[in-house]
Amino acid sequence: MAEPKDGESFLRKVARFVANPTTDWAEINSRQDDPEGDLAKAELRAMVERKRRNDFVRKRELDMLRRIRREGLSPEQLAALGSSSSRMDEVERSNSELNSKIDPGVKAKIDQIEQQMVGESFAPTQLATTHPPGFFETSTRPVHFAPTLPADAPAAPRVSQFSSPAEIERLESVPPPAAAVMGAGLPPLSDAKPSRLPKLPPLPINPDSGHGPLSFAVAEQPAAMEVNELRHDPELDEMVIAFANADYAACEQGLSALIQKGAPRHLHPETWLVLFDLYRATAQQAKFEALALDYVPLFGLSAPQWFSLPKLVAESLSKERKPMGSAGGVAWTAPEYLDAEAVALLTKRCQNLPMPWVLDWAALRRLDTEGCARLRELFRGWASQQVDMRWLAGDQFLLQLKELAPVGSRDVDPAFWMLRLETLRLVNRPDQFDEAAIDYCVTYEVSPPSWERAQCRVRVSGQTLSTSAQPATTTTGPSETSSFLESSMGSGLPANAQLELSGQLSGDISETLRLMSTELGAATLVTIACPKLIRLDFMAAGDLLNWVLARRSENRAVVFSEAHRLVALFLGAMGINEHARVKVRIN
């Protein structure tokens, strides 16, 4: 009998190959007869295949549910759902009967297994929470909304209940702080205490250099801001009161003592500016320039510009226009059709009559192109002269000019636009001028003429448009003067009355304040310009305070603008800044 090959019968290998046809012939010898192991492996493969199939079916169903939730059901699906409602009712009824027969414990076990299977398939984005009884029956009104999570709800688990004890302990523990990782080439962190800079002795002072010791006190202070309003400074009350009483020497001595070297206000630039204003108010140019030489290197800022307030007041008095007569009858009445001849008649009438000239525009209906050009030239000449006019039905004239120059119509002669812009400049309406200039630019796509302030005075009658006028001055005395300006805002905005005070106000100024009240009209904002106001004493400040309180009771806002610092501080000491805004002049 032949020897068995490789120590094993050939027939046994053939029998093993027939029992395991999927096994390679070369591995037949290495396999041992283990029917129980082969059966366990076959069952494992079947289980894996069954789980894979179940997961695929479950995933397809979940995808379908997500798509239905996102897109909704199509009409065909709704029809199919409706047709199968009876069958679904039967299925639900049979399921309910079956569920009633199932043991509650078995049903809870089935629910737990389904929850585990779903948890193994995909990770939920949000943990399910239990709702209190009647949660879904709550009213949808906002006041009845209940919190999403009840206050006594248990904390959400951080790990799965099937984790091992070691894994649970690792996940529930607080992670230690991360250690700092140094970059390549950097030394490791040191536990040494932070080092301190040594205290260096002060630098020696060279008396020949003319400079004092180095100091960072000025650099550490915040930069001087260009503010318009000045707060009340109690330390300067003594000097401010001395200035109000015309004791200029005591005021200068007190301010100089505060800003000298070693004084508490040596590095306070605002106090230096108060002394600059004193020198300008008293026309002391030499002391002003000497103070500027010390101010510039100390603060590293440019010195204020020099000007003499008394000189400015004297120049304004010399330029004041005296009234040439009182307004009497109408000097000129506009015809229904304005042409070049009517403009020539207007020019001749105004040359022979005293001011103020009264012009009536009520009858005007149409304007000639040549007449518009001639009238624009006349208005441009008046704008540079000291003339005084009263316009009757002037608002109607302005509306007609606006209708003659429609926006976007290039067929209209530009002469009408030029007349409208020149008229708005003549009556001192910069806001309406800017709007008309933009409309002109849009219509013709060319640059409009720029705004120039007129020198004449025009009072426009009517309330449909805002009233505006130009400066008119009234002299109340050699040392007490006030000049008045009227201006306006565009339609729909609160009117603004602009007045001006100049010179020195002392004693009783009730007449000046009465004239100011007559210039207010219906304005809700009163701006009093004080660039040429030198000084006011206690009596004048008291009258001014009462006048401001009266305007506040009329619901008017009062603003004092461009006052120098000594005047602004005195208004603050008198309490006027509590009822009105006081803005100082920016040097």
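Residues numbered from 1 in each chain as written. Predicted model: local features only at pLDDT ≥ 70, side-chain atom pairs only at ≥ 80, totals over all residues. Heavy atoms only, no water.

1. A word on the pattern of salt bridges
On inspection of all chains with the given rule, the structure shows 22 salt bridges. For Asp388, the salt bridge is made with Arg390, and the minimal N-O distance between the two is 2.5 Å. A residue is classified by how much of its surface remains accessible, and Asp388, at 8% relative accessible area, is buried. A salt bridge links Glu445 to Arg410, with the shortest nitrogen-to-oxygen separation between them at 3.2 Å. Residue Glu445 is located in the loop between helix 17 (430-444) and strand 6 (457-460), and its partner Arg410 is located in the loop between helix 15 (394-404) and helix 16 (414-426); the two are separated by 35 residues in the primary sequence. One connected set of salt bridges, linked through shared partners, spans Glu270, Asp277, Arg280, Arg565 and Arg585. (Salt bridge = Lys/Arg side-chain N within 4 Å of Asp/Glu carboxyl O. Buried < 20%, exposed > 50% of the residue type's maximum accessible area, 1.4 Å probe, protein only. Helix = DSSP H or I, 4+ residues; strand = E, 2+ residues; numbered from the N terminus.)

2. Focus: the packing of aromatic side chains
The final tally for this structure, using the stated rule, is 20 aromatic pairs. The interplanar angle of 80 degrees and the centroid separation of 5.7 Å between the aromatic rings of Trp272 and Phe299 together place this pair among those described as edge-to-face. Of the two residues, Trp272 is situated in helix 10 (residues 269-281) and Phe299 in helix 11 (residues 285-299); the sequence distance between them amounts to 27 residues. Accessibility assignment for this pair places Trp272 and Phe299 in one class, buried. Look at Phe538 and Phe570: their rings are 5.1 Å apart centre to centre, the planes differ by 90 degrees, and that puts the pair in the edge-to-face class. Placement of the pair is Phe538 in helix 19 (residues 538-553) and Phe570 in helix 20 (residues 565-573), with a sequence separation of 32 residues. (Phe/Tyr/Trp six-rings, centres within 6.5 Å; stacked < 30°, edge-to-face > 60°.)

3. Quick word on the nonpolar core
Ranked by size, the top nonpolar core spans 59 residues in total, and within it Ile528, Leu536, Trp547 and Phe560 carry the most contacts. No other element matches the 8 residues that helix 10 contributes to this core. Each residue touching Trp547, except ones within four places of it in the same chain, is listed here: Leu499, Leu513, Met516, Ser517, Leu520, Val526, Ile528 and Val558. (Core = buried A, V, L, I, M, F, W, Y, C linked by side-chain atoms within 4.5 Å. Contact = heavy atoms within 4.5 Å.)

4. Some points on the pairing of strand 9 (residues 496-505)
Counting buried positions along strand 9 yields 8 of 10 residues, so the element is predominantly enclosed. Relative to strand 10 (residues 525-536), strand 9 is paired through 9 bridges, and the arrangement is parallel. Paired with Leu499 across the bridge in strand 10 is Ile528. Handedness of the β-α-β unit built from strand 9, helix 18 (residues 510-518) and strand 10 comes out right-handed. (Pairing = 2+ DSSP bridges. Right-handed = clockwise from strand over helix to strand, strands pointing away.)

5. Considering the environment of Ala292
Inspection of the secondary structure assignment puts Ala292 in helix 11. Expressed as a C-alpha distance, the spacing of Ala292 and Ser302, which sit 10 residues apart in the sequence, is 8.5 Å. In this structure Ala292 touches Phe276 and Ala303, once residues within four positions along its chain are discounted.

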